[in-house]
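Listed below, chain by chain, are the residues.
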Amino acid sequence: MKVLIELGVEELPAWPFLREFDNILPKWDAALAKHNFKADFKLDYTPRRIVLSGELAEFAPDKEVENIGAPKNVALDSDGKWSKAALAFASKCGISESELAFKEIKGKEVLYHKSIAKGVSLKSVLASIIEDFALSLSFGKTMRWGDKDCAFIRPLRNLVVLLDDELLECELFGVCSNKASFVHRDFGYDKVSFDTAAQYFEVLEKNAVILSSDERKSRILAQFDELEKQSGLKIERDDELLAEVVAITEYPNAHLGSFDKEFLELPKEVIITSMKENQRYFALLNNDGSLANRFVVVSNSTSKDSALIVAGNEKVLRARLSDAQFFWHSDLKNPFNAEKLKNITYLAGLGSVYDKELRECEISVVLADIYSSELKALGASKELLKEAIMLSKADLATTMVYEFTDLQGIMGGYYAKHAGKNELICKAITEQYLPNSDESELPSNAFSSVVAMSAKLDALLALFSINKIPSGTKDPYALRRAALGVIKIALKLGVNFDIKELLVALSKNYKSFELDALYDFILDRLYALYEINPSIIKACINAGVSDLVQLDANIRALDIIVRADGFEAGFDTFKRLANILKEAKIGSVDESLLENESEKALYSAFRACKLDFSKPSEYLNELFGLKGDIDSFFDSVMINDPDERKKANRIALIGGIYEAFIKIADIKEISA
């Protein structure tokens with residue numbers, strides 16, 4: 001049966017809907033599966049409707065139902081009669097006592113009954129399926145409306161449910177199904193009727209509703225191409241903004257507008273942010289990459305009077321940019337320093353933002369010693385670092401950042417430059433929050449890196465010290481991102497960075513807490529850094545190496561070896577090595593006790609290994625290269641010799657090899 005379902009709603013908020021979008025069809029499939037239905041459906045949407053279309057069988061397929069009950073000794077009482085448990089099982093299965101039977105399952109006789117459940121008709125359960133589906137959707141905040149005891153992303157205003165073009169009379173959230181739908185508001189506010197599913201799609205198309213989001217996106221991009229040709233400028237095609245515009249329009253039309261050149265005195269980020277956040281406009285760039293005094297607005301209007309639409313949007317944008325210009329000039333009149341940060345609380349128990357900056361300065365001094373060569377090459381001193389850190393959050397006290405919070409750091413860089421600060425300071429302030437996403441760039445130099453790492457390390461130490469530790473999926477202070485940022489920056493700089501040693505040195509400035517918990521938390525971020533077998537990461541972490549750069553080299557070296565052809569087949573040798581030594585005490589090898597040629601050969605080969613810890617790839621290849629000698633040893637030598645001295649000596653031999661491995665990775669953790 002051909003199925004068409006429309007949930008007509010008031011305007012959907014773009015991002016709550018888009019965040020759930022990828023889950024909508026799977027949740028629809030799950031609702032169908034509860035009644036044993038399965039089919040591929042198409043999902044479409046506009047700001048005022050969610051539409052599902054596809055084909056389903058008239059009846060669900062019959063389903064085999066197996067019931068397993070009590071074991072025989074419980075099902076029968078001492079007189080050999082059916083017990084209460086057996087009678088309850090019969091009632092559950094809908095059978096008589098005479099139909100009770102046993103079946104051997106996993107070596108045990110138990111009550112067993114198999115039946116066939118007749119497939120239900122689609123018509124009888126579709127309304128229930130739709131309700132289950134609607135209630136399963138999770139958009140974050142929901143709305144209630146009227147006197148209805150129901151909640152949804154927005155109030156439901158229309159419901160269409162067609163089965164082979166016939167209306168299925170049903171109700172959802174107090175709205176009855178019908179053969180009508182709302183069209184584009186330019187064509188009226190009343191619903192337009194139709195008789196069939198085909199007519200439904202025709203009605204929408206004729207009344208300026210482009211149901212497919214892909215078609216709306218293609219339409220916008222084609223219009224962008226045309227506007228670029230006309231203007232000779234390049235539209236900044238922000239993917240997130242484009243997705244939002246697609247989600248809030250039913251019939252998108254792109255128009256080219258402009259604003260006064262006087263506003264170009266503002267930092268381009270201010271103009272772009274104002275256009276995007278407040279008006280959802282796209283910026284245009286000149287050929288040299290500089291910002292042009294033009295913008296693109298994507299309207300949801302079918303009007304052909306483009307000039308009227310553009311004029312209205314230009315008027316609104318002028319007001320927005322005038323406000324931003326006022327904030328800019330006002331901020332420039334005030335001294336750019338950290339004094340006002342004393343009045344901004346960071347977190348209860350951690351003082352003000354000013355106090356946070358003082359702690360970060362202490363961290364930067366320690367980091368400056370680690371990266372002394374890199375900082376010296378830039379002509380940077382510890383005093384310059386401290387100045388950068390004390391100014392890094394100063395823009396939080398500005399009116400511009402109060403209005404546009406996403407510009408913190410960016411505006412600080414501009415204000416520092418206007419105040420005549422060193423170029424390194426300006427760049428470090430701008431880059432202090434990097435990396436701020438999985439795909440984000442890292443700070444561009446060692447000076448900016450130290451400033452960024454100081455902030456992240458303080459956040460980690462400070463929040464852990466007051467027990468604000470992430471749990472489950474909750475991470476309100478983005479500490480996982482901060483920890484991963486520290487790792488990424490350390491690896492980019494490539495200088496030995498012992499994170500455990502560093503945490504111990506820095507912890508004296510914080511309330512006492514379990515430092516190992518923070519250390520483990522940071523190392524756990526490694527699992528999000530690499531797209532490799534997690535057991536490799538675990539094996540290297542368990543080796544106890546706390547230098548992030550060395551640990552990274554170890555992980556990458558081991559990964560290459562484990563991924564090599566034939567490794568899995570040959571790894572049994574090393575698993576056996578690890579298993580033998582689980583609880584053994586490992587001493588030193590007494591060469592005089594080596595009597596078997598195989599153990600002499602293994603000892604000689606092991607001693608000949610060139611084990612340079614700083615070259616983990618070569619180090620591991622040397623050890624894994626012992627496979628043949630180890631196999632011969634296992635084949636020819638009885639480790640558990642009656643002579644305790646020989647036994648201990650042989651354990652010492654293979655134990656020495658294992659201990660060599662464990663300096664890089666605990667190989668027993670590897671699951672190839």
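Nothing here was measured: the structure is a model prediction, and the numbers come from that model.

Reading the values: rules and limits
Residues numbered from 1 in each chain as written. Predicted model: local features only at pLDDT ≥ 70, side-chain atom pairs only at ≥ 80, totals over all residues. Heavy atoms only, no water. Buried < 20%, exposed > 50% of the residue type's maximum accessible area, 1.4 Å probe, protein only. Helix = DSSP H or I, 4+ residues; strand = E, 2+ residues; numbered from the N terminus. Arc of directions from axis to C-beta. Contact = heavy atoms within 4.5 Å. Pairing = 2+ DSSP bridges. Axes fitted to C-alpha atoms, helices over the stretch in contact; angles between N-to-C directions.

Engineer: When you look at helix α26 (residues 616–624) in this model, what are you seeing that I'm missing?
Structural biologist: Residues separated by three or four positions in an α-helix point in the same direction, a consequence of the helix having 3.6 residues per turn. Those residues of α26 that fall on the buried side of the exposure criterion are Pro-616, Tyr-619, Leu-620, Leu-623 and Phe-624. Projected onto a plane normal to the axis of α26, the buried residues spread over an arc of 125° and lie on a single side. Of the surrounding secondary structure, the elements contacted by the buried residues of α26 are α22 (548–563), α23 (567–570), α24 (572–580), α25 (597–608), α27 (627–636) and α28 (644–662).

Engineer: Please explain the environment of Leu-332 as it appears in this structure.
Structural biologist: Locating Leu-332 in the fold gives a position in helix α9 (residues 306–333). In the structure, Leu-332 is positioned 258 residues away from Asp-590 in sequence and 78 Å away in space, judged by C-alpha atoms.

Engineer: How do you make sense of the sheet that holds strand β8 (residues 166–167) when you look at a structure like this?
Structural biologist: By definition, the strands of a sheet pair up through backbone hydrogen bonds, in either a parallel or an antiparallel sense. Read across the open sheet, the five strands follow the order β2-β3-β1-β7-β8; overall the sheet is antiparallel. The strands lining the two open edges of the sheet, one partner per strand, are β2 (41–46) and β8. By the bridge criterion, six bridges tie β2 to strand β3 (residues 49–55) in an arrangement that is antiparallel. Across the sheet, Thr-46 pairs through a bridge with Arg-49, a residue of β3. In this fold helix α1 (residues 14–33) packs onto β1 (2–9), β2 and β3, with an angle of close to 145° to the strand it touches most, β2. Sheet strands touched by helix α5 (residues 197–206): β1, β3 and β7 (156–163). Its angle to β1, the strand with the most contacts, is close to 40°.

Engineer: What exactly am I supposed to notice about α24 here?
Structural biologist: Of the residues making up α24, those classed as buried are Thr-573, Phe-574, Leu-577 and Ala-578. Across the axial projection of α24, the buried residues extend over an arc of 135°, all falling on one side. Those residues of α24 that are buried lie in contact with α23, α26, α27 and α28.

Note that every value here comes from positions in space, so none of it alone points to a role or purpose.
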